[in-house]
Amino acid sequence: MKELVKSGDLAVDLASAFDASPNPYVLLTPDLRIAGVNQAYLDVTNSTRAAIIGRPLFSAFDSGPGEEAPENVRQVRASIERARDTRQRDHLPLVKYAMARRLADGREVFEERYWSATHTPMLDDAGEVTFILQHTTDITELQRLRDRGLKADNASALDVMLGGAVLGRAEQVQEDNRRLEGERNRLMDMFMQAPGFVAVLSGPDHVFQMHNAAYAQLIGHRDISGKPIGEALPEVQGQGYFEFLASVYATGEPYEGRASRVQLQRTPDAPLESRFLDFIYQPIRDASGAVAGIFVQGHDVTETVRSTERQKLMIDELNHRVKNTLATVQSIAMQTARSHGDPRTFAEGFQARLLALSHTHDLLTRSHWEGADLGAILQHETEAHGSARVSANGPLVALPPAAALSFGMIFHELATNAAKYGALSAPDGRVLVDWSVADQTNPRLELVWREIGGPPVAPPDRKGFGSRLIERNVRHDLAGEVELDYAGDGFTATFSIPLDKEQGE
């Protein structure tokens, strides 16, 4: 019980000492609101506790007239914020601040005073800032003494020592600090705005000291500051990057990676995402030359790598298609020659089939050989016969390149036969083409080519090149089925083609 009384008495004594101190003190919250002041502070500022407690420090007082007011407020605020953010005491050797003073006649005037301020953070048991204590000393007379000493030719040694030596050094240090702070802020802005990703790691555990916006974007904007890399980016474990860092830290030799693949979990609970990076790990050395950390800098080149891969695939695909096309042309030439003994008719048939192949190639070129729409292929191969005579009805069906080439040849043969012997050879004849996609689990294209209004149809005596080409394309290239029906009222071709098969060998 006696201990409690003593403890309580000590608290009272400390509070009394705080209030009785001749130097002004103010206690600030982390958001820079006034939490407590002593009597000297109230006397200097000509205020009352009721008027200023709880108010923001920089709105509680008018800083007074004069162009320097914004600058001195900035200096004081910057010093307080440094003490709060770094958890270290910060000194402001010299700052000019005008204070209100009431004259005998009741008028209030502002008087320029010079102050030296110290800002001390007060931490709780967890190391968090709870308050900032501002202690100020009025050095106006010392500054005036210095001014007089500098202006007088016969200044005393004491004037020069007090004014010139002490205050001069204080002003110089303060000016140097402001300059260094400005340079630091400019460098920090450049660091944060760098287009490439940048990070600074410290110690053998590679703890994140700082990183810029590009690095945050790369890893998915997660909280990594103050964490070792193994905790900050756990999914990178086993991908080799931690080993590279350990090697750089141990040997002091930089490591450079080009288009290196890394898998990152950029959003919580999401699957790993592959990114490709150009980067360098550069050792950071302390004053003794020992490696103290690692500077990480690089660029995300994922899109460049993927573009290069797509280009290579396209070139490989083009080479493959050219070979297949040459084989198709050779087959067309041989089969056409067998069906046409007359060189003139051979040339006409051969040229028509090459044009059909060319039309489909045009469509594929527009899509960079990624595929073509079934309806667009049908339109290209039949438009010479008049758009009003061929009716197309069906959904969009994206065909891969090989299937597109096969359907281009099929539609060409069907349209050519219709123009020679079927519906398109008669003035009022028409062709109806309907298709749909059945069974979404294992999708199949169901397509019907039906001719109406043409001359009577009879089955051919022998299977011609067109029929053989259609059946070969459907069964061999498309792995589907086709039925050709030569009914008396019009020819019909029915196709059933799987759409999930990798076509195009």
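Quick note: structure is the one above.
A brief report on the enclosed structure follows. (Residues numbered from 1 in each chain as written. Predicted model: local features only at pLDDT ≥ 70, side-chain atom pairs only at ≥ 80, totals over all residues. Heavy atoms only, no water.)

Next up on the list: the overall build of the protein chain. The helix and strand inventory of the protein chain stands at 15 helices and 17 strands. Looking at the protein chain as a whole, 37% of its 505 residues qualify as buried. Of the contacts formed within the protein chain by residues at least 6 apart in sequence, a portion of 52% connects residues at least 24 apart. When the accessible surface of the protein chain is split by element, carbon and sulfur atoms take 54% of a total near 28500 Å². (Helix = DSSP H or I, 4+ residues; strand = E, 2+ residues; numbered from the N terminus. Buried < 20%, exposed > 50% of the residue type's maximum accessible area, 1.4 Å probe, protein only. Contact = heavy atoms within 4.5 Å. Areas by Shrake-Rupley, 256 points an atom, 1.4 Å probe, with all protein chains shown as cover.)

On the basis of which strands lie adjacent, the open sheet formed by five strands has the order 12-14-15-17-16 and mixed pairing. Lying at the two open borders of the sheet, with one neighbouring strand each, are strand 12 (390-393) and strand 16 (481-487). Averaged over all pairs of adjacent strands, the angle between strand axes in this sheet comes to 10°, irrespective of strand direction. Taken together, the seven bridges between strand 16 and strand 17 (residues 490-498) define a ladder with antiparallel strand orientation. (Pairing = 2+ DSSP bridges. Axes fitted to C-alpha atoms, helices over the stretch in contact; angles between N-to-C directions.)

One non-glycine residue, His206, lies in positive phi territory at about 60°. Structurally, the position occupied by His206 is in the loop between strand 6 (197-202) and strand 7 (207-211). Here the phi dihedral of Ala479 falls at roughly 55°; this positive angle occurs in a residue that is not glycine. Topologically, Ala479 is positioned in the loop between helix 15 (465-477) and strand 16. For Ala479, a relative accessible area of 36% gives the class partly exposed.

Another aspect to go through is the pairing of strand 10 (residues 291-300). With six bridges connecting them, strand 6 and strand 10 associate as antiparallel partners. Residue pairing for strand 10: Val200 is matched across the bridge by Phe295. Bridge analysis of strand 9 (residues 273-285) against strand 10 gives nine bridges, and the strand direction is antiparallel. Paired with Ile280 across the strands is Gln297, a residue of strand 10. Between strand 9 and the antiparallel strand that follows it, strand 10, lie five residues; Gly289 among them carries a positive phi value of about 95°.

Once that is clear, we can look at helix 13 (residues 374-382). For helix 13, the tally of buried residues reaches seven of nine residues, placing the bulk of the element in the interior. Buried within helix 13 are the following residues: Leu374, Gly375, Ile377, Leu378, His380, Glu381 and Thr382. With a side-chain oxygen positioned 3.2 Å from the backbone nitrogen of Gly375, the residue opening helix 13 is Asp373. (Polar contact = N/O pair within 3.5 Å; in protein donor to acceptor, adjacent residues only side chain to side chain.)

All right, on to the packing of aromatic side chains then. This structure, assessed with the given rule, holds 10 aromatic pairs. Ring centres 6.0 Å apart and planes at 40° place the aromatic pair Tyr255 and Phe279 in the tilted group. On the criterion of sequence distance, the pair formed by Tyr255 in strand 8 (residues 255-264) and Phe279 in strand 9 is long-range, its members being 24 residues apart. For Tyr255, a relative accessible area of 28% gives the class partly exposed. Plain terms: the ring middles of Tyr486 and Phe491 are 5.0 Å apart, the flat faces sit at 45° to each other, and that makes the pair tilted. Relative accessible area serves as the criterion here: at 26%, Tyr486 is assigned to the partly exposed category. One aromatic cluster is present, formed by Tyr241, Phe244, Tyr255, Phe279 and Tyr281 through successive ring pairs. (Phe/Tyr/Trp six-rings, centres within 6.5 Å; stacked < 30°, edge-to-face > 60°.)

What follows is about the sheet that holds strand 6. As summarised here, the arrangement of the five strands in space is 7-6-10-9-8, forming an open sheet in which the pairing is antiparallel. At either end of the open sheet lies a strand with only one pairing partner, and these are strand 7 and strand 8. In this sheet, neighbouring strand axes are inclined to one another by 30° on average, regardless of whether the strands run parallel or antiparallel. Pairing geometry for strand 6 and strand 7, over four bridges, is antiparallel. From the neighbouring strand, Val200 faces strand 7, where its bridge partner is Met210.

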